[in-house]
Amino acid sequence: MLVDLKKHITDDWDVYNDLLTDKESKLYIRGKIIFDNDGPESLNLTVGDKYIVNGKPIKIAEDGIKVPSGKSIVLETEQQLAVPHNMFGMIAGVGVNIFRNGFVSVGKIDPGFKGKLKLGYYNGNTNSITFKAGDLLACCSFWYMESSIKFSLEDYHSEPEAVMESINGLKYILIWLKKNWYSMLALIVAIFTLIVTCIR
C-alpha cells in the first residue's frame, strides 16, 4: 500500500522507534520536507552539502559542484531518513533534471535504512551542470509491506566526516589522470614514436 506521507512521517525519533513494525509506523525525516506536485505520496529529495569521490565525502563549496558533460557524480541528500521495518521506498528522477538530460540512479530504499541517501547523477547534456546544496535532485515514494524485517540490515551511520575541498582546476585534472592513466600512457608512447620516426 502506498504511504500517505502527510499522515505517516515524523521528526520525533522516539515516535519512529516505538512504531517500527506497527501498522501505523512512521517514516522519520530530518531536513527539508517538500512534497512533489503529485501530492503527499511523493517526497522531493534535495542536494545536501556533500558529494562523494572514491568513497570519500567532500563538502560542496558555496558556488556548487560542476558536473561536466558525459560525467557522473554521487551526491548526498539533504534529507536524513529512517525507514520503519515494514516499509520500503523507491527513488525516481524529477522533471527538472530529466529535461536537461540528467539521469539519477533509481533504486530501492531498504526497510530499516537509516541515514542520508547517496545518489548517482549522470550528466547527459552537452553542457556542464552545476549543483548547489538545496537543489532538487530526485523524488521518492514509500510502500507498506505485509511482513516486517526483524532487524535493520546495516548501520548506515558509520561514515567519515566530510572535508572541505574543491574539485576544480588542478584537482580535477589529477582525478581525471588517475582514472585515465592508460590513455595518457598510450598517447605519450605514440608521441615518442612519432618524434623518433621524424628524427630518422
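The preceding data block contains the structure.
Residues numbered from 1 in each chain as written. Predicted model: local features only at pLDDT ≥ 70, side-chain atom pairs only at ≥ 80, totals over all residues. Heavy atoms only, no water.

Caption draft 1: Up close: the nonpolar core. Grouped together as the largest cluster of nonpolar side chains are 32 residues, with contacts concentrated most on L75, I109, F131, L137 and F142. Contacts of F142, omitting those with residues within four sequence positions, involve M1, L2, V3, L5, L27, L81, V83, M87, F88, G89 and I109. (Core = buried A, V, L, I, M, F, W, Y, C linked by side-chain atoms within 4.5 Å. Buried < 20%, exposed > 50% of the residue type's maximum accessible area, 1.4 Å probe, protein only. Contact = heavy atoms within 4.5 Å.)

Caption draft 2: Looking closely at the packing of aromatic side chains. Summed over all chains, the structure comprises six aromatic pairs. Both rings, one in W13 and one in Y28, keep their centres 4.9 Å apart while their planes meet at 85°; by these two values the pair is edge-to-face. Of this pair, W13 sits in helix α1 (residues 13–18) while Y28 is found in strand β2 (residues 27–30), placing the two residues 15 residues apart along the sequence. On the basis of relative accessibility, which here comes to 34%, the residue W13 falls in the partly exposed class. With a relative accessible area of 7%, Y28 lands in the buried category. By the ring-pair criterion, three or more aromatic residues cluster together here, those being W13, Y16 and Y28. The ring of F131 carries the charged tip of R100 above its face, separated from the ring centre by 5.3 Å. (Phe/Tyr/Trp six-rings, centres within 6.5 Å; stacked < 30°, edge-to-face > 60°. Helix = DSSP H or I, 4+ residues; strand = E, 2+ residues; numbered from the N terminus. Lys NZ or Arg CZ within 6 Å of the ring centre and 35° of its normal.)

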